[in-house]
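Breakdown of the fold
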Amino acid sequence: MPVPRIATYRLQLSPELGFAEAADLVADLARLGISHLYLSPVAEAVPGSTHGYDVVDPTTVRTELGGREGLWALARVAREHGIGIVVDLVPNHVATSLPEANPWWWAVLREGRDAPEADSFDVDWDHADGRVIVPVLGDDPDREIASGALRIEGDVVRYHDRCFPLRPGTIPDGDVAARLADQHYRLQHWRDPERNVRRFFTIDDLVAIRPEHRPVRLAVHRIAAALRADGLLDGVRIDHVDGLADPASYLADLRRTLGDDVWLLVEKIVLGDCLLY
């Protein structure tokens, strides 16, 4: 039975305010007359993130917040106090600032267009000789190599605090430049305008994903669908639906997935004719 909508309270979760800390607030929120607790994104994000929109794995509840067990415990406590849970879904991008933390991105960098995850992203594989352009360098690649900032250590490429995989079968010998040229990606200066990967607005570290590709859509919805199956989900807020290829179709599919009694809230719906769900 859905909780009647009276007043919604948004909680900005972070490593300092996780699920357990949120659960401690529920009784006070109930006394205030709050009917719904709206949580910022709960999926695995860049370690230390204070906002959670830099998702690196949409299928996993964020460990720093308390993981799946903590989220389910919070939802049950809220339900006991007559408060419904609204979760924030990010269907339009994932964060790539720490490539090793993002399993989809890591696989694409390592295996290129042959990676099973390649269809998760909008990449123009006909551009840049089929290599993913990664604009992260602060200087010309040759100068970064000469300075030692850009180097190869074992089976990874390191650049300051960033790490990139070497593709299987990388030439074992040769200088750094030659081995980098043998990868499925191309590291370049961040001011170089050339791109072949769609971004979230103009943010290079937020790479756009394709929820019109069914495996991506299912992955993005996995946590919400599991909460719904356990009777612990009252609503979903969709982040930037106008960044999707077909927002109306996406929302219709989400409605079918979650059922008619789940509250759907949509941020920045596209202009023009639209359907309400």
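Higher on the page you've got the structure.
Predicted model only: the values in this text are computed from it and were never measured.

In terms of regular secondary structure, the protein chain is built from seven helices and 15 strands. The buried share of the protein chain, taken over its 277 residues, is 51%. Considering only contacts within the protein chain whose residues lie at least 6 apart along the sequence, 68% involve residues at least 24 apart. Accessible surface for the protein chain amounts to roughly 13,000 Å². Of this, 51% is attributable to carbon and sulfur atoms. Looking at charge distribution, the protein chain has the averaged site of its 30 positive side-chain charges lying 3 Å from that of its 45 negative ones.

Where strand E1 (residues 8-11) and strand E2 (residues 36-39) come together, four bridges link them in parallel fashion. Bridging from a neighbouring strand, Thr 8 pairs with His 36 of E2. Each parallel crossover has a hand, and for E1 linked through helix H1 (residues 19-32) to E2 it is right-handed.

The next thing to look at is the nonpolar core. Core analysis: the largest hydrophobic core is formed by 76 residues, its most contacted members being Val 132 and Val 236. The element that contributes the greatest number of residues to this core is helix H6 (residues 214-229), accounting for seven residues. Setting aside anything within four residues of it in sequence, one finds Val 132 in contact with Trp 105, Val 108, Leu 109, Val 123, Trp 125, His 184, Tyr 185, Arg 186, Asn 196 and Val 197.

So, about the packing of aromatic side chains. Scanning the model with the defined rule gives three aromatic pairs in all. Centre to centre, the rings of Trp 105 and Phe 121 are 5.2 Å apart; their planes meet at 75°, and the pair counts as edge-to-face. With Trp 105 in helix H3 (residues 103-111) and Phe 121 in the loop between H3 and strand E7 (132-137), this pair connects stretches of sequence that are 16 residues apart. For the pair formed by Trp 105 and Phe 121, the shared burial category is buried.

Mapped onto the secondary structure, Gly 138 falls in the loop between E7 and helix H4 (141-147). When the C-alpha atoms of Gly 138 and Trp 190 are compared, they prove to be 6.4 Å apart, with 52 residues separating the residues in sequence.

On to the packing of H1 against helix H2 (residues 67-80). Relative orientation of the contacting elements H1 and H2 amounts to 5°, with a least axis distance of 9 Å. Regarding the angle of H1 to H2, the classification is roughly parallel. Contact residues: H1 offers Phe 19, Ala 22, Ala 23 and Val 26, while H2 offers Gly 67, Gly 70, Leu 71, Leu 74, Val 77 and Ala 78. Taken together, the residues of the contact of H1 with H2 break down into eight nonpolar, two polar and no charged.

Applying the stated criterion to the full structure yields 20 salt bridges. Linking Glu 64 and Arg 62 is a salt bridge whose minimum nitrogen-to-oxygen distance equals 2.8 Å. On the basis of relative accessibility, which here comes to 33%, the residue Glu 64 falls in the partly exposed class. Among the ionic pairs, Asp 253 bridges to Arg 256, the shortest N-O distance being 3.5 Å. In this pair, Asp 253 and Arg 256 are both assigned in helix H7 (residues 247-258), three residues apart and thus about one turn of the helix distant. Taking the relative accessible area as the measure of exposure, Asp 253 reaches 12% and is therefore buried. Arg 256 gets classed as exposed once you look at its relative accessible area, which sits at 62%. Where salt bridges share partners, they join Asp 88, Arg 237, Asp 239 and Glu 267 into one cluster.

Attention now moves to H6. The terminal C-alpha atoms of H6, which comprises 16 residues, lie only 20 Å apart, well short of the 22 Å expected from a rise of 1.5 Å per residue. At Arg 222, H6 is bent by approximately 55°, the largest bend along its length. Of all the residues in H6, the buried ones are Val 216, Arg 217, Ala 219, Val 220, His 221, Ile 223, Ala 224, Ala 226 and Leu 227.

A few words now on the sheet that holds strand E14 (residues 235-238). Working definition: the strands of a sheet are paired by backbone hydrogen bonds and lie parallel or antiparallel to each other. In spatial order, the strands read E1-E2-E5-E14-E15; together these five strands make up an open sheet with parallel pairing. A single partner strand is all that each edge strand has here, and the edge strands are E1 and strand E15 (263-266). Ignoring which end each strand starts from, the neighbouring axes of this sheet average 20° apart. The sheet contacts of H6 involve strand E5 (84-89) and E14, and relative to E5 the element is tilted by about 175°.

Rules and cut-offs
Here the residue numbering is sequential within each chain, running from 1 through the sequence in written order. Owing to the predicted nature of the model, reporting of local features is limited to residues with pLDDT of at least 70; listing and counting of side-chain atom pairs is limited to 80 or more, with chain, interface and lining totals taken over all residues. Calculated side-chain values reflect all of the structure's heavy atoms, with hydrogen atoms and water omitted. Strands are runs of DSSP state E lasting at least two residues, helices are runs of H or I lasting at least four, and both sets are numbered from the N terminus onward. With a 1.4 Å probe rolled over the protein chains alone, any residue whose accessible area is under 20% of its type maximum counts as buried; one over 50% counts as exposed, and the rest are partly exposed. The criterion used for residue contact is that any of the two residues' heavy atoms lie within 4.5 Å. Surface accessibility follows the Shrake-Rupley procedure with a 1.4 Å probe radius. Residue values consider only the protein chains on display as shielding. Counted charges follow a simple rule, with Lys and Arg positive, Asp and Glu negative, and His plus the chain ends left uncounted. By convention, the charge on Lys lies at NZ, on Arg at CZ, on Asp at CG and on Glu at CD. One requirement defines pairing of two strands: DSSP has to find at least two bridges between them. When the strands point away from the viewer and the path from the first strand over the helix to the second turns clockwise, the crossover is right-handed. Residues belong to a common nonpolar core when they are buried Ala, Val, Leu, Ile, Met, Phe, Trp, Tyr or Cys residues joined through side-chain atoms within 4.5 Å. Within 6.5 Å between ring centres, the rings of Phe, Tyr and Trp (the latter by its six-membered ring) count as paired, and their orientation is classed by plane angle as stacked under 30 degrees, edge-to-face over 60, tilted in between. For helices, the axis comes from a line fit to the C-alpha atoms of the stretch in contact; other axes are also lines fit to C-alpha atoms, and the angle between any two N-to-C directions lies between 0 and 180 degrees. Any angle between 65 and 115 degrees counts as roughly perpendicular, while under 35 counts as roughly parallel, over 145 as roughly antiparallel, and the rest as oblique. Three classes are used, and their members are as follows: Ala, Val, Leu, Ile, Met, Phe, Trp, Tyr, Cys and Pro are nonpolar, Asp, Glu, Lys and Arg are charged, and the others, Gly among them, are polar. Salt bridges are identified by distance alone: a Lys or Arg side-chain nitrogen within 4 Å of an Asp or Glu carboxyl oxygen. The length a helix should cover is 1.5 Å for every residue beyond the first. We define the bend at each residue as the angle formed by axes fitted to the 7 residues ending at it and the 7 residues starting at it.

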